[in-house]
Every structure is written in structure tokens, then in C-alpha cells.
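Listed here are the chains, written in short residue letters.
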Amino acid sequence: MCKDIRVESRSREMLYTTTFFAASCVLVFSFAFVRSGRPVVGAEAGIIWVALAYAGQLALGRAFERELHQDALRGLLLAPVDRAAIFVGKLLGIMLLMVVVEAVVVFFVAVFFSTTFFDYGLLFIGLLVAGTIGFACVGALFAAMLARSQSRTVLLPVLLYPITVPVLIAGVSGTLSLIQSEPNLDLARFWLALIVFFDVVFMTLALWTFEPLMTE
Amino acid sequence: MLTRTPVALLIVAAAMFAAAPIFIAYAPNEATMGLVYKIVYFHVPAWFMMFLAIFVCGIASGIYLFKDRVSADRLAYSAAEVAVLFGAIGLTTGPLWARVSWGVWWPWDVRTTLALILEMTFIAYLLLRKYGGPGSEKLSAGLALFGMFNVPFVYVSVNVWRTLHPQTTVVPQLPPAMAGPLWWCVLAYLLLFVVMISGRRRLEEQRAIVERLRLVYDED
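Described below are features of the structure shown in this document. (Residues numbered from 1 in each chain as written. Chains lettered and ligands numbered in written order. Predicted model: local features only at pLDDT ≥ 70, side-chain atom pairs only at ≥ 80, totals over all residues.)

## Describing the overall build of chain A
If you tally the helices and strands in chain A, you get 8 helices and 2 strands. For chain A, the α and β elements follow one another from N to C terminus as α-α-β-β-α-α-α-α-α-α. Split into buried and exposed, the 216 residues of chain A put 46% on the buried side. Long-range pairs, those at least 24 residues apart, make up 82% of the contacts in chain A between residues at least 6 apart in sequence. (Helix = DSSP H or I, 4+ residues; strand = E, 2+ residues; numbered from the N terminus. Buried ≥ 20, exposed ≤ 12 C-beta atoms within 10 Å, placed from the backbone. Contact = placed C-beta atoms within 7 Å.)

Structural data, given as C-alpha cells:
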């Protein structure tokens, strides 16, 4: 993970491209959801999460590409460390990147759609962080699995979205319940709990299956 | 070549399917939906079988991943194909019913959404299997395992997401005159399910043998 951060901090390639991509997503959505100068009510929540999912997918696709040169992935797997540690390292790297992207997306949506997200800041941040963990942990496992596959660029989204649908539904609905004119805090807490539960189950599952999945 | 048991099962299943329309025709019409309600006798069993297939696939994939048993992988592959097939039956008959009873093709109700997401997961499984290249067996086993564990999450999230809107009850309490034919059809589908999976498994096995023989032949 340290290596990834170091490479990233030198080139900033992924950070810049992913962030810019997320911002352009928001822009494209604004054209779809702004009618005669006014945004459609409640569209913000959807835009944030869809932009996040797309940007996350882009980052995931690239995450293991670096290891493909000269078969570095095999070297990494042969290293005398716990395989789970490799997975957690990659996961943390992806999450860090996604958090930065989130900050930018939330900023843009808040400006373009004049929404205040931070009336219940803690719950909102909780939803974002928990959602990121869930999305990234399923995504990191699938990206790692597909790293050696030829058609990984098309297969990653095909596998990723059906599995992460609960996170997206919970994220969108939770955010919506916080920003609507009469916020529903109980509902938001329920969604947060659901994502956390999802995180726990799928993190366990990912750590558990990483070893057999990466063995050839 | 099929072994004797599946053939016998196939014959029984065929006989049951042949008899099913008679039972269905004699079952009383539902009060509000009338004739179209009879889709239920094919629609509901198809969903039962899809769920069964998903769990068979998920569990077999788990066994394959951790115990490295190739036969479990073949079972998982067959189950995934069968799941997609029954899912397709459900997704075709569902909208026909929905159009008549609720006036829309797609009601976004809990079950339809859940079904759509699961169907997509297992289509993804088949795509991965087909285009994943070497080693895709392991990867798809991972996906099937994740897909199985995802079922409760999808159900709960779609359920709460949809309770924000008016809900529709899909299957009301069935009177015995309707339950009889329904369970008959479920049993017929179950037999068909067993036949298809065992046939498909055998096909995979034979294919593996042919593959091995070809390798031996090439070496000589």
C-alpha cells in the first residue's frame, strides 16, 4: 500500500484522472437533471452515488494494472506475507483514492445543485465511508481476481454492479432521507446500519476467499 | 448418455407437465384478475427453482473453492445455467401478469427487483465463465458465493426502498383449490430441475473426459 501511495503521490495519475472523471459525471448528470434552471428534487443523492460508483470502478480497474508488468502480481503473492495483508493494502489504497474523489464530488454537487449535505454531517459522512468500504472491498476482490484475465475491463463492471446494488440503494436512499425537506433520521440510521452489516459480511467473505481465489 | 434415473425422472416430469394444464384449467379463477392469474402456476414454481438453483450454485462454489473439488464446480456451473433459465421464465411471465393486474409491465415491487438483480448476477457468472479465459472457474465460484450471500441484503434493501411507495401484494392467501395445482406444478418443476442439472453435469463431465483424451492424443 505504501508503495502505491508513493507511486501515486509522485505521478498523481489516478488521482487526477479519476477526480476529473467524477467531476465530468456530475456535469453530465446536471444536464439531465436540471430543468429550466432548477434541479429535479432529490436527484443529488443519486448523482453523488452514481458518480462515485463510476469513479470507483475506474480506479479499481487500474489498481492491479501496475502489478501486471513483469508479473509483479505473482511476485507479490509469493512474498512471505499473509495474502490477506496484500488484499488489505490494496483495499486501503483504493479507499483513500475514493475518499478524495468523494470530497470533490460532494463539493461539486453542493455547488451545482445548491444542496446542504452537512446538516447532519456525521450521518452523511458515515454513509459515505461505510458505502466506500463496502464498494471497495467487493471491488478490490473482483479486480484482483480479474487482474490476470484478458477481458477484465468489461468484466469488472459486469460483476461489480449486481453485487454492490444493496450499497448503492442504501447510499442513495440514506442520503436522500438526510437532504429532503423533512429529514428522516431514523431511516438514515437504518440504511447506515445496513451498509455496515454488508461491510462486515463481505469483508469477512473477501478476506476468506482471497487466498483460494488467487491461487492458480 | 443419460443414466437410468434421470430418464425415469424426465418421463415422470413430462407426464406431470402434460397433466398440469388440466388441473390448472379446473382451478377456480381468481376474483379480480381472472384468467391471467393462471400464470401463477408456472410463474411461482419457476422462481422457487431459481432460488434453489442459486443456493445449489453458491454452496457448490464454496465447496469447490475451499476443497478444490472439480465435481462441485461442474455442479455449480450447471446450477447457474439452470438458475438463469428459470429466472428468464419468471421474468417473462411476470410482466404479462403485471400488465393486466397493475397496468404496468414492470411494477418495481420487491420481488421483481430482487429477481432482476439475481438474474443479472448469474448472467454475469455465465459471462465470466465464457469470456474470463483460463482460471475463470475459480473466479466465477467466487462470484457465485458472493451472489448467494447478497440475497438477503438485496431483499432487505429493496424492501425498505419500496415501502416508501405503495406496496402491492403479489401472492394472496391461496384457497386449497388453487394451492393443489400450484404444488403440483412446483413438484413438476422440481423434477425438471433435477433432470436438467444432472444432465448438464454429465455433459460437463464428458466434456472434461474428451478434453483429457484429446490432450493424450496430441502428446502421442
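## A word on the overall build of chain B
A count of helical and extended segments in chain B gives 6 helices and 0 strands. The N-to-C order of helical and strand elements in chain B reads α-α-α-α-α-α. Residue pairs in contact within chain B that sit at least 24 positions apart in sequence constitute 78% of those at least 6 positions apart.

## So, the environment of Tyr155(B)
Residue and element names in this part refer to chain B. On the secondary structure map, Tyr-155 appears in helix H5 (residues 136–163). We classify Tyr-155 as partly exposed; it has 17 C-beta atoms within 10 Å. Taking C-alpha positions, Tyr-155 is 21 Å from Val-40, a pair spaced 115 residues apart along the chain.

## Digging into the interface of chain A and chain B
Taken together, the contact pairs 26 residues of chain A with 29 residues of chain B. Among the elements that line the side of chain A that touches chain B, the one with the most residues is helix H7 (residues 152–179) of chain A, at 10 residues. Broken down by class, the residue content of the side of chain A that touches chain B amounts to 19 nonpolar, 5 polar and 2 charged. (Nonpolar A, V, L, I, M, F, W, Y, C, P; charged D, E, K, R; others polar.)

## Observations concerning the nonpolar core
Looking at soluble globular proteins, one finds that nonpolar side chains tend to be buried together. If you look at the biggest cluster of nonpolar residues, it comprises 126 residues, and the most contacted ones within it are Ala140(A), Ala53(B) and Ala79(B). Top element by residues in this core is helix H6 (residues 121–146) of chain A. It accounts for 17 residues. For Ala79(B), the residues in contact, after removing those within four places along its chain, are Ala53(B), Val56(B), Cys57(B), Ala60(B) and Ile197(B). (Core = buried A, V, L, I, M, F, W, Y, C linked by C-beta atoms within 7 Å.)

## Describing helix H4 (residues 110–131) of chain B
Taking 1.5 Å of rise per residue, 22 residues should cover 32 Å, and H4(B) covers 31 Å from first to last C-alpha, within 8% of that figure. Backbone geometry just after H4(B) places Gly133(B) at a positive phi near 80 degrees. (Expected span 1.5 Å × (residues − 1).)

## Overview of the packing of helix H5 (residues 83–112) of chain A against H6(A)
Residue and element names in this part refer to chain A. The N-to-C vectors of H5 and H6 enclose an angle of 135 degrees; their axes lie 9 Å apart at closest approach. Here H5 is positioned oblique relative to H6, judged by the angle of their axes. Read as a crossing pair, H5 and H6 show a hand that is right-handed. In this structure, H5 uses Phe-87, Lys-90, Leu-91, Ile-94, Met-95, Met-98, Val-99 and Glu-102 to contact H6, whose residues at the interface are Leu-128, Thr-132, Ile-133, Ala-136, Cys-137, Ala-140 and Ala-144. Residue composition of the contact of H5 with H6, grouped by class: 12 nonpolar, 1 polar and 2 charged. (Axes fitted to C-alpha atoms, helices over the stretch in contact; angles between N-to-C directions. Parallel < 35°, antiparallel > 145°, perpendicular 65-115°, else oblique. Left-handed = near helix turned anticlockwise from the far one by under 90°.)

## A look at the environment of Leu207(A)
All names here are of chain A. Tracing the chain through its elements places Leu-207 in helix H8 (residues 185–214). The spatial distance from the C-alpha of Leu-207 to the C-alpha of Ala-85 is 9.1 Å, given a sequence separation of 122 residues. Once residues lying within four places of it in the same chain are set aside, the contact partners of Leu-207 are Ala-84 and Phe-87.

## Comments concerning H7(A)
Side chains that are three or four residues apart share a direction in an α-helix, a result of its 3.6 residues per turn. Its maximal kink placed at Thr164(A), H7(A) deviates by approximately 55 degrees, while the proline Pro166(A) follows within four residues. The buried fraction of H7(A) amounts to 23 of the 28 residues, a majority that puts the element mostly inside the structure. (Bend = angle between axes of the 7 residues up to and from the residue.)

## A look at the packing of H5(A) against H8(A)
Residues and elements named next belong to chain A. The contact between H5 and H8 brings their axes to 9 Å, and the two run at 115 degrees. Taken as axis vectors, H5 and H8 run roughly perpendicular relative to one another. Pair H5 / H8 crosses with right-handed handedness. Residues Arg-83, Ala-84 and Phe-87 of H5 form the contact with H8, whose participating residues are Ala-206, Leu-207, Phe-210, Glu-211 and Met-214. Here the contact of H5 with H8 is composed, by residue class, of 6 nonpolar, no polar and 2 charged.

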